[in-house]
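# Chains, contacts and geometry: an overview
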Amino acid sequence: RGAGELQTLHWSDLDLARRRVTVTVKPEYGFLPKDWEERTVPLTSEVAELLQKHTRKEKCPVVFYSPLNGGKQASPSYMHDRCKEIAKAAGLDEKQWHMHRFRDTAATRWLRAGIDVRTVQAWLGHESLATTQKYLEPSEETEKALERMRLPF
């Protein structure tokens with residue numbers, strides 16, 4: 001699998017003051033955004049704050065430096081392996097953790113927060129609305145809210 005959005009994220013892709021990240025083509029890494037479309041995605045204030053504090057490696061354009069590949073980019077396997085190490089250290093089943101899970105979680109949380117599916121589709125770079133709709137699964141919270149509902153009479 002080729003380099004992804006996080007592995008090729010450059011500091012120049014971030015607008016932390018406006019809390020935005022732009023997903024751009026990176027031919028030097030062989031990276032093309034989904035459906036070949038560049039897009040801008042908002043960041044939460046928490047994520048923008050964390051990125052503001054994130055250490056910059058001198059003369060390295062990428063946000064998530066890796067000791068692999070001469071530091072040019074974090075290889076997919078490096079970030080994947082780190083994700084699994086962190087999950088294991090946290091007492092989680094590392095088999096269930098992979099980089100795409102963060103994208104899945106973001107999509108599900110956006111939709112459950114009431115952000116419309118077309119906006120989430122654009123943020124994720126999905127060509128098909130059906131691809132985005134797979135994140136519209138019922139949640140336990142929704143079922144609990146239904147249990148608390150009472151008839152109006």
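Please read these numbers as outputs of a predicted model, since none were measured by experiment. (Residues numbered from 1 in each chain as written. Predicted model: local features only at pLDDT ≥ 70, side-chain atom pairs only at ≥ 80, totals over all residues. Heavy atoms only, no water.)

Side chains bearing opposite charge may pair, as long as their charged atoms lie close to each other. The final tally for this structure, using the stated rule, is six salt bridges. Asp-15 is paired through a salt bridge with Arg-18; the nearest N and O atoms lie 3.3 Å apart. Arg-18 sits in the exposed class, given a relative accessible area of 58%. Salt bridges here are not isolated pairs; linked through shared partners, they connect Glu-5, Arg-39 and Arg-103. (Salt bridge = Lys/Arg side-chain N within 4 Å of Asp/Glu carboxyl O. Buried < 20%, exposed > 50% of the residue type's maximum accessible area, 1.4 Å probe, protein only.)

Our focus in this paragraph is the confidence of the model for the protein. For the protein, mean pLDDT is 85; residues scoring 70 or higher make up 91% of the total. The element-level mean pLDDT for the protein is lowest in helix α6 (residues 140-148), coming to 80, with strand β1 (residues 14-15) highest at 96. (pLDDT = per-residue confidence, 0-100. Helix = DSSP H or I, 4+ residues; strand = E, 2+ residues; numbered from the N terminus.)

Contact pair helix α3 (residues 100-112) / helix α4 (residues 117-124): the axes reach a minimum separation of 10 Å and the direction vectors enclose 160 degrees. Between α3 and α4, the interaxial angle falls into the category roughly antiparallel. When the axes of α3 and α4 are compared, the crossing they make is right-handed. Of α4, the residues touching α3 (which contributes Arg-103, Ala-107, Trp-110 and Leu-111) are Val-117, Val-120, Trp-123 and Leu-124. (Axes fitted to C-alpha atoms, helices over the stretch in contact; angles between N-to-C directions. Parallel < 35°, antiparallel > 145°, perpendicular 65-115°, else oblique. Left-handed = near helix turned anticlockwise from the far one by under 90°. Contact = heavy atoms within 4.5 Å.)

In this structure, Arg-19 takes a positive phi of about 55 degrees despite not being glycine. For Arg-19, the location among the structural elements is in the loop between β1 and β2 (20-23). One non-glycine residue, Lys-59, lies in positive phi territory at about 60 degrees. Considering the arrangement of structural elements, one finds Lys-59 in the loop between α1 (45-53) and α2 (76-89).

Okay, the pairing of β2 next. By the alternation rule, side chains of β2 split into Val-21 and Val-23, which are all buried, and Arg-20 and Thr-22, of which none is buried. Linkage of β1 to β2, two consecutive antiparallel strands, is achieved through a turn of four residues, within which Arg-19 is found at a positive phi near 55 degrees. With four bridges joining them, β2 and strand β3 (residues 39-42) adopt antiparallel strand pairing. Its bridge partner lying in β3, Val-23 is registered against Arg-39. (Pairing = 2+ DSSP bridges.)

This part takes up the packing of aromatic side chains. Applying the stated criterion to the full structure yields two aromatic pairs. Here the aromatic rings of Trp-97 and Phe-102 are separated by 6.0 Å at their centres, their planes lie at 50 degrees, and the arrangement is tilted. For Phe-102, a relative accessible area of 44% puts it in the partly exposed group. Just above the ring of Trp-11 sits the side chain of Arg-56; from NZ or CZ to the centre is 4.1 Å. Stacked on the ring of Trp-97, the Lys or Arg Arg-101 has its end atom at 4.1 Å from the ring centre. (Phe/Tyr/Trp six-rings, centres within 6.5 Å; stacked < 30°, edge-to-face > 60°. Lys NZ or Arg CZ within 6 Å of the ring centre and 35° of its normal.)

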